[in-house]
Amino acid sequence: MAERIEYRRRHEPVGALFPRAQGPAEALRFALPAERVAFFREHGYVAPIRVLDVAQLQALRDGMTRMTSPGYPRAGELIGLSKQAGEPTATPQMIYFQGAWLAEEAFHDILFHPAIAVPAAQLLEGGVRFFHDQVFFKPAKHGGVVAWHQDYSYWQRTAPIGHLTCFIALDDATLDNGCLHVIPGSQRWNLLPTVKLVGGDEDMEAIKQVLSPEQRAAFKPTPIQLKAGECSFHHPLTLHGSYANRSERPRRSFVLNFMKPDTKSASDKPLMPGAAVVPPGQVVQGDDFPLVLDKVQVAGIAG
Ligand SMILES: O=C(O)CCC(=O)C(=O)O
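Below you will find a few notes about this structure. (Residues numbered from 1 in each chain as written. Predicted model: local features only at pLDDT ≥ 70, side-chain atom pairs only at ≥ 80, totals over all residues.)

1. Some words on the overall build of the chain
The helix and strand inventory of the chain stands at eight helices and 14 strands. The C-alpha atoms of the chain give a radius of gyration of 18 Å, which matches the 19 Å a tight globule of 303 residues would have. With respect to the three principal axes, the spread of C-alpha positions in the chain is 50 × 45 × 40 Å. Looking at the chain residue by residue over its 303 residues, the buried ones come to 44%. (Helix = DSSP H or I, 4+ residues; strand = E, 2+ residues; numbered from the N terminus. Rg over C-alpha atoms; globule rule 2.2 N^0.38 Å. Buried ≥ 20, exposed ≤ 12 C-beta atoms within 10 Å, placed from the backbone.)

Here it is as structure tokens:
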């Protein structure tokens, strides 16, 4: 029987699916041009960025199929896997779970993929630590909505704010299958209250009840349509959400959430389900939160 790898304890790539950047010169190949970083600072997001080749995309799709199929042997490691997943007769609105990186090699190794880590370091202006992952799988015709929200409103157990989200499309994400939308510039807004995140059409606009008149006037959704294998990055205060999948095609995505390496715990509760408690005031680190790029590596990239 194949060895059961404990990916949680492996803070470097296990396989050879993704390239490794050996030194700053190679890492620089993956850097975003300065104008794209400037776009992110101005608008709170940047897209599209090609990050996966055909083989990497296929490996992730295969892994996604395994994880959402009945009898998946490592299902116990997936966090919050929605009941519908793996029940072929059910018609779920959305399959959502975390912890794919704990169970599948490709989903683990992509954490360290330089095509993602290097831009993340540029956007975070320093080192990069992994916080958690998320699978958002909208089956054909049954996709629910992800209501408008700011990611940091769910992350207040960590401080200060210095986080980043990378949304990776595993299928073409289009207007008809529920691509992500953002409100450009909303990264400069205040932190808004949380709303019901995943639901039906009627839940999409809940956030509007808590917007100021100025914010309501500036509420101009911009779709981020991506080809499979492309990603977008957004700021932790950028308001974003996605509408239902009304198409005949699934819309599968994998989301990586990062933070600056010196981010601290602001809670005496586990920061993620199943993760060890990090006492308040202490740096969030350990097996559950691998360092992806440290300061020294980033200094090398920056010059
Ligand atoms: O998959 C979606 O539509 C929502 C993703 C999301 O909320 C995120 O990337 O932060």
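2. Comments concerning the site of the ligand
Taken together, F136, V146, D151, T165, F167, L180, H240, S242, S253 and V255 make up all the residues around the ligand. Counting only elements with at least two residues in the shell around the ligand, the list comes to strand 6 (163–169), strand 11 (240–242) and strand 12 (251–259). Here the residues of the shell around the ligand are counted per class, giving five nonpolar, four polar and one charged. (Near = placed C-beta within 6 Å. Nonpolar A, V, L, I, M, F, W, Y, C, P; charged D, E, K, R; others polar.)

3. Overview of the pairing of strand 12
For strand 12, the tally of buried residues reaches seven of nine residues, placing the bulk of the element in the interior. The pairing of strand 3 (residues 128–138) with strand 12 spans nine bridges and is classified as antiparallel. Looking at the pairing, K138 lines up with R251 of strand 12. Of the strand pairs in this sheet, strand 6 and strand 12 are connected by seven bridges, and their pairing is antiparallel. Within strand 12, the position partnered with L164 by the bridge is F258. (Pairing = 2+ DSSP bridges.)

4. Topic: unusual backbone geometry
That bond from A47 to P48 is cis: its omega, -5°, falls within 30 degrees of zero. Relative to the helices and strands, P48 resides in strand 1 (residues 45–50). Of note, E125 is a non-glycine position whose phi angle comes to about 55°, a positive value. Here E125 is to be found in the loop between helix 6 (114–124) and strand 3. In this structure E125 comes out as exposed when scored by C-beta crowding, with 12 C-beta atoms within 10 Å.

5. What about helix 3 (residues 54–67)?
Look at helix 3: 20 Å from first C-alpha to last across 14 residues, which is about the 20 Å you get at 1.5 Å a residue. For helix 3, the complete set of buried residues consists of Q56, A59, L60, G63, M64 and M67. Seen end-on, helix 3 carries its buried residues on one side only, within an arc spanning 135°. Opposite its buried face, helix 3 presents the exposed residues V54, A55, D62 and T65, each directed more than 90 degrees away. Against the buried residues of helix 3 lie helix 4 (100–103), helix 5 (105–109), strand 3 and strand 12. (Expected span 1.5 Å × (residues − 1). Arc of directions from axis to C-beta. Contact = placed C-beta atoms within 7 Å.)

6. What about the environment of S265?
Among the secondary structure elements, S265 is positioned in strand 13 (residues 264–265). As a C-alpha pair, S265 and Q282 span 17 residues in sequence and 5.7 Å in three-dimensional space.

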